[in-house]
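Letter by letter, the chains look like this.
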Amino acid sequence: MLALYFLFPHGETEEITAAPSDLIMAETPQPIETPTLNNETLPVEQTQSEKILIEIKGQVEKPGVFELPAESRLHMAVDLAGGFLPDADALSLNLAMKLTDEMSIYVPKIGETTVSLPPVVASPSTAAGSAAEGAGLVNINTADETGLMTLPGIGPSKAAAIIAYREENGPFITIDALKDVTGIGDKTYEQLQDSITAN
């Protein structure tokens, strides 16, 4: 009886205590790997730089209207126009000047600046403000189309004719020479002679 008492109780407890530990080991869940999100950002496309349109004329190989990136400099416009002609007055220009949209650039001949013809005319809003000089007189050699149309009897067609004349024949030496422009007769000249200057 004593032998049975010592054998059976101890064996059962070993089996009973062993079973839960084995069960726990068997049922312990293995860690599940969770996929990590790849947070790589896609490269953002750079927006194209803004473009501006400028006009360059005068003593360059290929005058015309050119498209350039914003913040371009004058020397880039000259390069697009084929460079200076031999008689161009390059010293009168600031080749490092920044260009703006609608800017018109005139490259004069050597000595041409002595007749007050500016080598660079800015955009229409700026040029119109600088067209009037002295006692409210409009300089027919420097005023743009908008400035010329402030004169009595001058509309868009006559203003364009004045600009075309001075581009083909050079600046007006005197205000009387304005009568050589097609469409400007004595009556028109009498209306505006007190409002203009060629100096």
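Computed from a predicted structure; not experimentally measured. (Residues numbered from 1 in each chain as written. Predicted model: local features only at pLDDT ≥ 70, side-chain atom pairs only at ≥ 80, totals over all residues. Heavy atoms only, no water.)

S.K.: Report on the pattern of salt bridges, specifying residues and quantitative values.
M.R.: Counted according to the given criterion, the structure contains four salt bridges. Salt-bridge contacts for Glu55 lead to Lys57; the nearest nitrogen and oxygen are separated by 3.6 Å. A residue is classified by how much of its surface remains accessible, and Glu55, at 29% relative accessible area, is partly exposed. In this structure Lys57 comes out as buried when scored by relative accessible area, which is 19%. A salt bridge links Lys179 to Asp186, with the nearest nitrogen and oxygen atoms 4.0 Å apart. Taken together, the salt bridges that share partners define one network made up of Glu55, Lys57 and Glu167. (Salt bridge = Lys/Arg side-chain N within 4 Å of Asp/Glu carboxyl O. Buried < 20%, exposed > 50% of the residue type's maximum accessible area, 1.4 Å probe, protein only.)

S.K.: So what's going on with the nonpolar core? Residues and values would help.
M.R.: Most often, soluble globular proteins keep nonpolar side chains buried together rather than apart. In terms of nonpolar packing, the biggest core is built from 18 residues, with Ile140, Leu148, Ile154, Ile162, Phe172 and Leu178 touching the most fellow members. Of all the elements in the fold, those that place two or more residues in this core are helix 5 (156-169) and helix 6 (186-192). Among the elements that take part in this core, helix 5 stands out by supplying three residues, more than any other. In this structure, Ile154 is in contact with Leu148, Met149, Ala159, Ile162, Ile184, Thr188 and Leu192, ignoring residues within four places of it in sequence. Grouped together as the second largest cluster of nonpolar side chains are 16 residues, Leu68, Leu74, Ala77 and Ile105 included. (Core = buried A, V, L, I, M, F, W, Y, C linked by side-chain atoms within 4.5 Å. Helix = DSSP H or I, 4+ residues; strand = E, 2+ residues; numbered from the N terminus. Contact = heavy atoms within 4.5 Å.)

S.K.: Pulling in residues and values, what's your account of helix 5?
M.R.: Counted at 1.5 Å a residue, the expected span for helix 5 with its 14 residues is 20 Å, and the 20 Å between its end C-alpha atoms agrees. The complete set of buried residues in helix 5 reads Ala159, Ile162, Ile163 and Arg166. On an axial view of helix 5, the arc spanned by its buried residues comes to 90°, and they lie on one face. Within helix 5, the exposed residues directed more than 90 degrees away from the buried face are Ser157 and Glu168. In this structure, the buried residues of helix 5 make contact with helix 4 (145-148). (Expected span 1.5 Å × (residues − 1). Arc of directions from axis to C-beta.)

S.K.: Go over the layout of surface pockets with me, naming the residues and quoting the values.
M.R.: One number sums up the size of the second largest pocket: a volume of about 170 Å³. If you go around the second largest pocket, the residues you meet are Lys57, Gly58, Gln59, Tyr106, Lys109, Glu112, Arg166, Glu167, Glu168, Asn169, Gly170 and Pro171. For the lining of the second largest pocket, the secondary-structure elements that each account for two or more residues are strand 1 (51-58) and helix 5. When residues in the lining of the second largest pocket are grouped by element, the largest group, four residues, is from helix 5. The residue makeup of the lining of the second largest pocket, split by class, is two nonpolar, four polar and six charged. (1 Å grid on protein atoms, 1.4 Å probe; cavity = no way out; pocket = protein on both sides within 12 Å on 5 of 7 lines; lining within 4 Å. Points joined across faces, edges and corners; volume = space filled by probe spheres on them. Nonpolar A, V, L, I, M, F, W, Y, C, P; charged D, E, K, R; others polar.)

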